[in-house]
Each structure stands twice: as structure tokens, then as C-alpha cells.
Amino acid sequence: MSDKVRIYQLAKDLNLETKKMLELLDSMGVEYKSHSSTLDAETAETVRQIIAEESSEAAPEAKEPQVEKAEKPAKPAKAAPKKTKKAKEAPLRAPVVTVMGHVDHGKTSLLDYIRKSRVAEKEAGGITQHIGPYQAETAGGTITFLDTPGHEAFTTIRQRGANATDIAVIVVAADDSIMPQTREAIAHAKAAGVPIIVAINKIDLPQANADKVMQDLMRVELVPEAFGGDTITVPISAKTGQGIDDLLEMISLVAEVEDLRAPADGPAEGIIIESILDKRAGVLATVLVQKGKLHVTDYIVSGEAWAKIRAMTDSAGKRIKEAGPSVPVQILGFSEQPLAGDSVAAVASEQAAKQLVSKRREEREEEERANIGIKGVTLADLFSKTKTTKINLILRADTQGSLEAIKGVLAKESAATDEVDLEIMLDAVGAPTEADLLLAGTADATVISFGVNPAGSVIKAAERQGITLKSYRIIYNLIEDVQKMIRGQIEPEYEERVIGHAEIRAVIKVPRSGNIAGSYITDGFIRRGAKARLIRGGKEVYKGSIAQLRRFKDDVREVQTGFECGINLQNYDNVQEGDIIEAYEMVEVSV
């Protein structure tokens, strides 16, 4: 056994805050990378002695009469002078944790176990389609979790989730190890500059290999503690609950070191996590409060949308009157949908809210007008323009976040080809309507809906009018169909593929039929009707096709390597001994 000890473990043994431990090590001149770094036995023993001495010195001081300059009164009866310094420091807040990783590695199952609610079973295809915040009470305090979608099509939402978080938990299946979305999630967490904890899930499976996961983590520059690095790895089973308490403890530990604070009073600020259009309630926006306090009846502005908060519900669905930092709430009061990812700020009055929204809208319109005509059309532009086919789409989705993610995917698919231009004629939250069909009929557009079902009357109207209306529950099914749609509009590209060569060894003159090239097939095969070129002295002297192919007196369709035959080239008689006939065909290049 090694005599080395982790900093956070030593702090726990000495009943000391990890932050205080780091301050002590700094004063001692001890070098370390993070709270996960190890200390040798000698340094650890020195720390223990210092803490023991400070504790013994503090005991008699606590009994002496306290004066104003006392550093830390044991039980201050007159605490007024001491509170001045504390009042300047914002209070601690709950950490916001984003759970990310590859599809089917168990992110939602992990959160299910933590918050004791079944969510994964409700998701189409077992994949989380929306981002959602939840709060959980743990032994180390309250933790706010963000559940990000697992499919890589939702990169935009996942990245937004990482930017709204304090700590990233990357879930990696012990039987699958690092996968494409795992790398993507790690990259987003690193870009956001947040601490990373790796939860190695599914360790209850017989084929689980946690050691391989830790080895693979080093390939993405995350060195586990077990290998001398600073990346915290926690083996867990979201199915049995094994290791989840350890994971929550590590999250609380990292949060303690990060010293997460935010003003609990004053005007609220936050971020829109999601917004949906409910048939009965109207616009519902999920807001994560980041600082200040949000109250019912407050006026708030997000982008070009404003609201007077009529009702707020917490992550458990209970009505609440106010919410502080790190608290996710669902707000009723927006007249139009705010965009997911936009910031939220409280303002003094309805007039102030309307003025701010009006100003932002005017600035946007002014910028759009200024951008029109900035870039002139050059001669190079005119000659470089290629013929493009336009595919018009009308897009409907269940939430604003889904809408944004799908638009991002479609833009990516459109950018992948110069021959097809995807144009979204209309994108909105909610089920397709007959007004959408009217627009689709005028613009020759396809109506696509995701996560919402069109009414029966709309489906019948689409069939009657001959308008394509497609509904999806799984995002990758939608992407596949759009890719097929694009491929169907691209004119196929062809390339030559040589199928054989024939050497002319004799020229046979046939009345009324022209000259026949008596040939020997040197490689491949020669087929009647195939395209051909005649090569003489290394230069091409003819390009056309093979009009006739004969063996002895019989017309044949094809002659293979090693056989002799007579070849008649289309509209060409000037064949000579020693010429080479190269047969080829045009094959479609897969895009």
C-alpha cells in the first residue's frame, strides 16, 4: 500500500474544508495541481501536526473574552462587527451539474436513480430528447442536475448545457468505453472550462471493464486518479445504485473546492433552458436562476420576448413564490416563446420590459438592413455559380430546443452539398396546421414534424392535396430521411472504369462492313456496346464505342481475357496492327 494520500481525503479525515486545506498547503509552499493531487506521507504528517497545534491553540482562546478584532468567535453574542465582512461575500449556492455522454450509456438512468422518477422509459428510442433541470437533495446538500440529450444531433443543446453548468459528469459505459458522443461531450466540457468527473457506469454487467475505460480516458487527455492524474473517476451502476453515493460525494467535494457563490438578493438573472408551447397553458419557459431572486409578478426580458411572471413551479411541479440561484423553475407568463439558451434578466416594470424588447428588435432589424447589399457580386461569383436544386421545408417540433437542434442538423446537411439548397419556409413549435399545408402547397414544400402529432383532419387534408407530411419521434430517423431527400435531388456523378484491353493483331477487310480488328484480349473483358478508345503509339486516336463483337462467325456479347475476337468500332475503319483498344464504362460515383 502506498503512503500517499489524496488532499481531499486528508481534509475529510481532519474534518477540514477542502478549500481551507488548499490554503494551508499554499502557505506551506506545497505544489499541487488540484484537490485530487496526492501528498507524500511526510507532508501529510506535517499537515496533521499543524492542524493539531491550531486546534489546541484555539481552545484556550475560545474561553477568553472576545474582542472586536477576534478572528473567529466561538459563539458571538454580539456579532454585529463581525458580520460586515461576511455581508460582502455572496452566499454559497448549489452546484449545477450537467450529465453528458454517449447514447445508451445510462445518463438518464443515472438521474432516474438519483431523483427516483422514471424518465428514460418515456423517451422515444430510450434517448433523452430534451434538456431538463432537476434538483436533488443529497447528504452533501442540494445539487441541480441538467440532463442533456444523448444523440449527437443535439450538439447545440449539449454545448449550451455545458456552458450553463459548474461541473460536468461524463457517463461512460464500462462495457462500451469511449465512443463518439463521449469525445464530443468531453470536448464541450473542456471548452466550457468546467471540472470533469467521469462516472463509469454499468459495472454490474459481467463484461464490464473499468480498467479499459480508464486507459481510454488517457487518450482523450483525462488521466484518472488511479493512474496518478487529477481526473476523478467513480465506478457506478445506475441499475443497482452501487457507487452513486460516492459520485454525489465527489460532486459535493468539487463544488466545495470551486467555492460557488452568487448573490441571493437583488434583480434576478438566469438562462432559458427550454421553452414549450402548451395547448392549454400557453408558453412555458424553463429558467435556471443564476443570481438574485426571481419572484412571481416580476417582469423579465429574454432576447426579444418579455413576461410578467404569473406562476412558477419548481422541478417537483410545486407552485412556488420565489427562486434563488441554481434553482430551476418553469415560468408561465411569456406571450411569445423565448429562445433556448438566451439570458434572462428582471426589469423594474412592464414599460421597461417593453422598451428593452423594442430596442433589441430595432437593433436587430437595423443590423439586418445594414447587411443587405454589403457584399457585391463579383465576376468570379457569376462564373462560379452552379445549378442548385431547392428543397423547401416546413418544420414543426414539440419544443424550441428540438427546433434549434434540428435546424442546426439541416443546415449542416445543406452545407455538405453545393447542388441542393435546403430552405426552411417556416419553423415553429406545435403541431402542423392547415395553414402550414396552404403554405406547403404554394411553395411546393414538405411538412416535417418532430415530437408532435398532426391532427387527423390535417393528415387527411395533406393526403387530399398531395402534400408530403411526415412525423418523427426519433431524431436520427428524421435525419436519414432528409439525407435521402437530398440525394434524390443531386444529379449523379460518373467516372470512367476501364473493363479491359485488346491488342489488334490483324486487320480484316470486309465489304460493306468496313474493317474488322482481329484482336486478342490481354486483360479484363470486352463487351459489345461498351465505350472504347483506340490508342496508337501511346496517344488516343479515336473515342467512341464498340459496335460489333464477333468470335469466328458468331456475334457475341462479351469476350474474356485470353480469347481472340473481331471488333468493329462505331464509325471508324482506320485501325492498324499494334493498336490497343481500351474498353471502359461510366459508373455512378456514390456521394
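What you are looking at is a predicted structure, and each value in this text was computed from that prediction instead of being measured.

Draft legend 1. Quick look at the pattern of salt bridges. A complete count under the given rule lists 27 salt bridges for this structure. The closest approach of N and O atoms between Glu-423 and Lys-390, which form a salt bridge, is 3.0 Å. In this pair, Glu-423 is assigned in strand S19 (residues 420-429) and Lys-390 in strand S18 (residues 389-397), connecting sequence segments 33 residues apart. Of the residues examined, Glu-423 reaches a relative accessible area of 30% and is grouped as partly exposed. For Arg-396, the salt bridge identified is with Asp-436, shortest N-O distance 2.8 Å. Of this pair, Arg-396 sits in strand S18 while Asp-436 sits in helix H13 (residues 434-443); the two residues are 40 residues apart in sequence, bridging distant segments of the chain.

Draft legend 2. Expanded view of a nonpolar patch on the surface. The grouping of Met-218, Val-223 and Phe-227 at the surface amounts to a nonpolar patch, some 230 Å² of accessible area in total. Looking at where Val-223 falls in the secondary structure, it is placed in the loop between helix H8 (210-219) and strand S8 (232-235).

Draft legend 3. Broad picture of the nonpolar core. Judged by nonpolar contacts, the single largest core of 27 residues is most densely connected at Leu-110, Ile-114, Phe-145, Val-169, Ile-197, Leu-247 and Ile-251. If you list the elements that add at least two residues to this core, you get strand S3 (96-101), helix H5 (107-115), strand S5 (141-147), strand S6 (167-173), strand S7 (196-201), S8 and helix H9 (244-258). The element that contributes the greatest number of residues to this core is H9, accounting for 8 residues. Each residue touching Ile-251, except ones within four places of it in the same chain, is listed here: Val-97, Ile-143, Phe-145, Ile-167, Val-169 and Ile-197.

Draft legend 4. Broad picture of the sheet that holds S19. Strands sit in the order S19-S18-S20-S21 across an open sheet of 4 strands; the sheet is parallel. Each end of this open sheet is capped by a strand with a single partner; those strands are S19 and strand S21 (469-472). When the angles between neighbouring strand axes are averaged without regard to direction, this sheet yields 25 degrees.

Draft legend 5. Broad picture of the pairing of S19. Of the strand pairs in this sheet, S18 and S19 are connected by 9 bridges, and their pairing is parallel. Within S19, the residue paired with Asn-392 across the bridge is Glu-423. You can see the chain leave S18, run along helix H12 (residues 400-415) and come back into S19, and the turn it takes is right-handed.

Draft legend 6. Layout of the environment of Ile-320. Note on placement: Ile-320 falls in strand S14 (residues 319-320). In sequence terms Ile-320 and Val-296 are 24 residues apart; their C-alpha atoms lie 8.1 Å from each other. What Ile-320 contacts, discounting residues up to four positions off in sequence, is Val-296, Met-312, Thr-313, Asp-314 and Val-329.

Draft legend 7. Layout of the environment of Glu-540. Among the secondary structure elements, Glu-540 is positioned in strand S25 (residues 539-551). Distance in space between the C-alpha atoms of Glu-540 and Glu-582 is 9.9 Å, their sequence separation being 42 residues. A distance of 3.0 Å separates a polar atom in the side chain of Glu-540 from a polar atom in the side chain of Arg-533.

Draft legend 8. Region of the structure containing H5. Of all 9 residues that make up H5, 7 are buried, and the element is covered over most of its length. When H5 is considered as a whole, its buried residues turn out to be Lys-107, Thr-108, Leu-110, Leu-111, Asp-112, Ile-114 and Arg-115. Once H5 finishes, Lys-116 follows within two positions and takes phi at roughly 55 degrees, a positive value.

Cut-off values and rules
Residues numbered from 1 in each chain as written. Predicted model: local features only at pLDDT ≥ 70, side-chain atom pairs only at ≥ 80, totals over all residues. Heavy atoms only, no water. Salt bridge = Lys/Arg side-chain N within 4 Å of Asp/Glu carboxyl O. Helix = DSSP H or I, 4+ residues; strand = E, 2+ residues; numbered from the N terminus. Buried < 20%, exposed > 50% of the residue type's maximum accessible area, 1.4 Å probe, protein only. Patch = residues over 30% accessible without salt bridge, like charges linked within 9 Å, V, L, I, M, F, W, Y side chains within 5 Å. Areas by Shrake-Rupley, 256 points an atom, 1.4 Å probe, with all protein chains shown as cover. Core = buried A, V, L, I, M, F, W, Y, C linked by side-chain atoms within 4.5 Å. Contact = heavy atoms within 4.5 Å. Pairing = 2+ DSSP bridges. Axes fitted to C-alpha atoms, helices over the stretch in contact; angles between N-to-C directions. Right-handed = clockwise from strand over helix to strand, strands pointing away. Polar contact = N/O pair within 3.5 Å; in protein donor to acceptor, adjacent residues only side chain to side chain.

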